[in-house]
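Structural overview
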Amino acid sequence: MMNLFRQLNRPLPPQTSREIRIVGPRRAGKTTFLAALARFPNVDPNGPIQLIVPRDEATAALAEMAKDILETGSDFAPTDFSKQPLYSFEMTLKPSLWSPRSRNATPIRVTCREYAGELLQHLVTNRTAPEIQDYIEDCSFASGLILLVDATASQADAEYASAFEILQRELKPRLKSQGTDLSTYRISTVFSKCEQNEIWVHRKDIRRFQTLKFDETTAVISAWTKDWGCTTNSFFCSAFGFKSRNPPEPNVQILSRSQGVTRAMIASPEFWRPTGLAAPLYWLQTGSDHPKLREV
Ligand SMILES: Nc1nc2c(ncn2[C@@H]2O[C@H](COP(=O)(O)OP(=O)(O)OP(=O)(O)O)[C@@H](O)[C@H]2O)c(=O)[nH]1
Ligand SMILES: [Mg+2]
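Residues numbered from 1 in each chain as written. Chains lettered and ligands numbered in written order. Predicted model: local features only at pLDDT ≥ 70, side-chain atom pairs only at ≥ 80, totals over all residues. Heavy atoms only, no water.

1. Considering the sheet that holds strand β3 (residues 86-93)
In spatial order, the strands read β2-β3-β4-β1-β5-β6-β7; together these 7 strands make up an open sheet with mixed pairing. Here the strands that pair on one side only, and so sit at the sheet edges, are β2 (49-54) and β7 (231-236). Neighbour-to-neighbour, the strand axes of this sheet turn through a mean angle of 25°, independent of strand direction. (Pairing = 2+ DSSP bridges. Helix = DSSP H or I, 4+ residues; strand = E, 2+ residues; numbered from the N terminus. Axes fitted to C-alpha atoms, helices over the stretch in contact; angles between N-to-C directions.)

Below, the structure is given as structure tokens:
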């Protein structure tokens, strides 16, 4: 059986590590989320972000893949279950948005590991398997989680809820035995593919959207944060964004929809401008909810 740390050839991370893990169902958009961040094209001159740059070779390679795959009208292959790629970014906000006493003047550094979506299925059916235990062990060294959920896949709400509930139960004793203060953990629920009209109409009221469409998942996360005394926050994002905002024209061509899985590609790469990607990372890293970053 594979041991994740042996396979990654690295020592166990120190408890002060501020790495993030991105967890979510198959085809939710995890790789695309990270690739769009790495590439971060057509930065809005009137927006809050100055730039986002890759901090290492793997992330620079992901930015290249975004160019070669997403900008040529294709999508990523599913992430290989035996791989757990780690990416690292540096995000700089516009000076006008730095608050006088904040640390915002310093670029925000974010390191995030992606797990293949299959992990969620394995958590439900196969969690005692050594390789699944290795994943959970690795997850326990993170300071926070992105639970990335395809906003258009609400029919799978119950499935996601049971997987996240198991993740919570498995993580808790590990964090405790490491002496981690559970209340310092941050959990962000990020709803992807929000440029779709049926989601976009909810953009001003994410709480209502969650209750309407992902009631069970929301209840699990709420019980999780109550039990741990930790914080949670929810966000909408679209890795593909819009061609124009008024009226909103999603920059997306849907390739297929089946069994709750939507495959899509960017319709016009020259207008590609992701939206809402930075807000959850900023919150996970700093604990502050920057309203300007949320403007999706
Ligand atoms: N409409 C739309 N589709 C998206 C968006 N982001 C990703 N997709 C599509 O969703 C599908 C899955 O994207 P991936 O990023 O490969 O998903 P994943 O979560 O990494 O999937 P696994 O690696 O299998 O766990 C692809 O067809 C993407 O093009 C988005 O913002 N909007
Ligand atoms: Mg992937």
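Now, onward.
2. Quick word on the coordination of the magnesium ion (ligand 2)
Each protein donor to the magnesium ion (ligand 2) is listed here as T31 (OG1), T79 (OG1) and E114 (OE); together their distances run 2.0 to 2.3 Å. Summarised as a motif, the one-chain spacing of the donors to the magnesium ion (ligand 2) is T-x47-T-x34-E. In this pair, T79 sits in the loop between α3 (57-69) and β3 while E114 sits in strand β4 (residues 108-114), placing the two residues 35 residues apart along the sequence. In this pair, the class of T79 matches that of E114, namely buried. (Donors = N, O, S within 2.8 Å, 3.2 Å for Na, K, Ca; no water. Buried < 20%, exposed > 50% of the residue type's maximum accessible area, 1.4 Å probe, protein only.)

3. Some thoughts on helix α2 (residues 30-39)
With respect to burial, α2 is a largely interior element, 9 of its 10 residues being buried. Residues K30, T31, T32, F33, L34, A35, A36, L37 and A38 constitute the buried set of α2. Trailing α2 by a residue or two, F40 shows a phi angle of about 35°, which is positive.

4. A closer look at the site of ligand 1
Around ligand 1 sit 25 residues, and of these K30, T32, D75, E195 and A264 come closest. In this structure, an oxygen atom belonging to ligand 1 sits 2.5 Å away from a side-chain N or O atom of T32. Between G117 and ligand 1, the recorded distance is 2.7 Å, taken from a backbone N or O atom to an oxygen atom. Of all elements in the fold, only α2 and β11 (261-266) reach the threshold of two or more residues within the shell around ligand 1. (Near = heavy atom within 4 Å. Polar contact = N/O pair within 3.5 Å; in protein donor to acceptor, adjacent residues only side chain to side chain.)

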